[in-house]
Amino acid sequence: GRSELNLPQAHARLEADQQVERQKYWSHYRGAIGKLLYDCCNLYVSRYWHAKKTIAFTVWDKDQFTPDDFLGTVALPMPTSGGPTAGTHELSTYSGDPVKSGMLRGTTGTIQATVSTLNLIPGSRLEGAATVKIHKIENCPKKDAMSPNDTFVEVTAFPEEPAVVMEGVK
């Protein structure tokens, strides 16, 4: 359709079935705007009202025609202020088992990353924000038959402790 400004006088001149139809779509519009407002508020509250305690890395293999393949995940404590925290971390599956690859599944999948907290003014709503650098991902199982993995990493910060986040993954 089309949209038009419907003044009360013009609405009164419409036939009854057209008035009912306009009210139905106006109701849909108001419901959608309400849902949008709720989602925006929910996003704001979840992002800025709670200090982040965990940073989680989830590794995926990008697929063009099918859903992306899960390769592994790891949840780490959010670093406190100070210098960067760098390290190599073992990836685990949804069940908590180590991600294995190779001919006999003897090699453990890892992610190497550096996390640094940003030094912002006290009281900033972005206080506790961090920068993340992914250096490399190694030994992930091959998911594509005809090509190498084309991996990407989803980085998420949570207000819960790492053990709680990993329990939610299972």
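Residues numbered from 1 in each chain as written. Predicted model: local features only at pLDDT ≥ 70, side-chain atom pairs only at ≥ 80, totals over all residues. Heavy atoms only, no water.

> Go over the pairing of strand β6 (residues 110-117), please, and point to the residues and values.
If a strand is regular, its side chains alternate between the two faces of the sheet. Within β6, 7 of the 8 residues are buried, which leaves the element mostly enclosed by the surrounding structure. Two elements, strand β3 (residues 85-90) and β6, share 6 bridges in a ladder whose sense is antiparallel. Paired with E90 across the two strands is T110, which belongs to β6. With 8 bridges connecting them, β6 and strand β7 (residues 130-138) associate as antiparallel partners. Residue pairing in the sheet places V115 in a bridge with V132 of β7. (Buried < 20%, exposed > 50% of the residue type's maximum accessible area, 1.4 Å probe, protein only. Helix = DSSP H or I, 4+ residues; strand = E, 2+ residues; numbered from the N terminus. Pairing = 2+ DSSP bridges.)

> So, the pattern of salt bridges: which residues are in play, and what are the values?
The tally for this structure, following the rule as stated, stands at 3 salt bridges. Where D39 meets K35, a salt bridge forms, and the shortest distance between an N and an O atom there is 3.0 Å. Separated by 4 residues within a single helix, D39 and K35 lie in helix α2 (residues 16-48), roughly one turn from each other. Taking relative accessible area as the criterion, D39 reaches 34% and is therefore assigned partly exposed. Put simply, K136 and E138 hold a salt bridge, and the shortest N to O gap is 3.7 Å. (Salt bridge = Lys/Arg side-chain N within 4 Å of Asp/Glu carboxyl O.)

> Can you tell me about the sheet that holds strand β1 (residues 54-61), naming the residues and giving the values?
An order of β2-β1-β8 is seen for the 3 strands of this open sheet, with the pairing classed as antiparallel. Strands with a single pairing partner mark the edges of an open sheet, and in this sheet they are β2 (69-77) and β8 (151-158). Strand after strand, the sheet turns through a mean of 20° between neighbouring axes, direction not considered. Summarising the sheet, β1 and β8 pair through 8 bridges and their orientation is antiparallel. Paired with F57 across the bridge in β8 is V155. (Axes fitted to C-alpha atoms, helices over the stretch in contact; angles between N-to-C directions.)

Geometric descriptors of this kind do not, in isolation, establish any biological role.
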